[in-house]
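Examining the three-dimensional arrangement
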Amino acid sequence: MGEFPSPMERYKNLDEKTKGLGILELLIGLLILIFVIIGFMKGATDFMLYLKADKINSRAKELAEQLKSEILNRPYSEISNCFISSITGELQFNSTNNETNITFDTPSFYVKNCTGVNKCTAQFGCIYCYVGEEVILNTDQNCTVGYPIRVGYNAGRIIYTDEETGEKRETGIGVGIKVYYTEPKTKREKEINMLIFKKIE
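Report follows, based on the coordinates. (Residues numbered from 1 in each chain as written. Predicted model: local features only at pLDDT ≥ 70, side-chain atom pairs only at ≥ 80, totals over all residues. Heavy atoms only, no water.)

**Brief notes about the overall build of the protein**
- Looking only at helices and strands, the protein has two helices and seven strands in total.
- Going residue by residue from the N terminus, the α and β elements of the protein occur as α-α-β-β-β-β-β-β-β.
- Looking at the protein residue by residue over its 201 residues, the buried ones come to 29%.
- Surface exposure of the protein reaches about 13600 Å², of which carbon and sulfur atoms provide 56%. (Helix = DSSP H or I, 4+ residues; strand = E, 2+ residues; numbered from the N terminus. Buried < 20%, exposed > 50% of the residue type's maximum accessible area, 1.4 Å probe, protein only. Areas by Shrake-Rupley, 256 points an atom, 1.4 Å probe, with all protein chains shown as cover.)

Here's what the structure looks like:
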């Protein structure tokens, strides 16, 4: 007949099994901890990119409003000299709703072109750099520091046709600005289009 293991031997075998089980549990715990840390880091990175995208979008809108204000506050002669009017737009007035509408003889008025239309790049830049909390005009092609926000311009003569006489007369210039940038998280291009009508003074 075989001999039964002594209590000491049984305790020794149980202790070895317990040690093996403890190491396995430790490894599983470490793996879980690593996955939790990776998930947290990814979540934190995505959140930071979301905040950055939101700030860039806000600054891009502010830039569009700033350029609009600059165009409206400068003399008509200066604006008409700054922007080359390569197309023609028509001013229509709806007396019923008291609304003014401008249409252009082109399928796409808002473009990314800058230097081909804009002769005053020192005042109305082609590229701005978002640095810290500020948007700074940059005279280079790229931002060495900060995040680039680009601006395209288009311009056209605005013609109004008198409904009673049929007389056509030039009433001003329409300047279209396209502020665009690449969203840091999705890498998709975002744009803000705005039309500014500068009336002849």
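Now that the structure is up, let's keep going.
**Notes on the pairing of strand β5 (residues 147–161)**
- Most of β5 is tucked away: 11 of the 15 residues are buried.
- In this sheet, β5 lies alongside strand β3 (residues 127–131) in antiparallel orientation, the contact comprising four bridges. Note on β5: the bridge partner recorded for Tyr-128 is Ile-149.
- Alignment of β5 against strand β6 (residues 168–182), held across 12 bridges, turns out to be antiparallel. Residue pairing in the sheet places Arg-157 in a bridge with Ile-173 of β6.
- Taking the residues between adjacent antiparallel strands as the criterion, β5 and β6 are bridged by six residues, where Gly-166 takes a positive phi near 75°. (Pairing = 2+ DSSP bridges.)

**Observations concerning the state of the cysteines**
- Enumeration according to the criterion identifies three disulfides in this entry.
- Each disulfide pairs two cysteine sulfurs, and for Cys-82 the partner residue is Cys-120, the sulfurs being separated by 2.0 Å. Handedness here is read from the sign of the S-S torsion; for Cys-82 and Cys-120, about -90°, the answer is left-handed. Of the two residues, Cys-82 is situated in helix α2 (residues 76–82) and Cys-120 in the loop between β2 (99–104) and β3; the sequence distance between them amounts to 38 residues.
- Classification of Cys-82 by relative accessible area gives buried; the value is 2%.
- For Cys-120, a relative accessible area of 14% translates into the label buried.
- Each disulfide pairs two cysteine sulfurs, and for Cys-129 the partner residue is Cys-143, the sulfurs being separated by 2.0 Å. (Disulfide = S-S within 2.5 Å.)

Without other data, these values stay purely geometric and don't point to any function.
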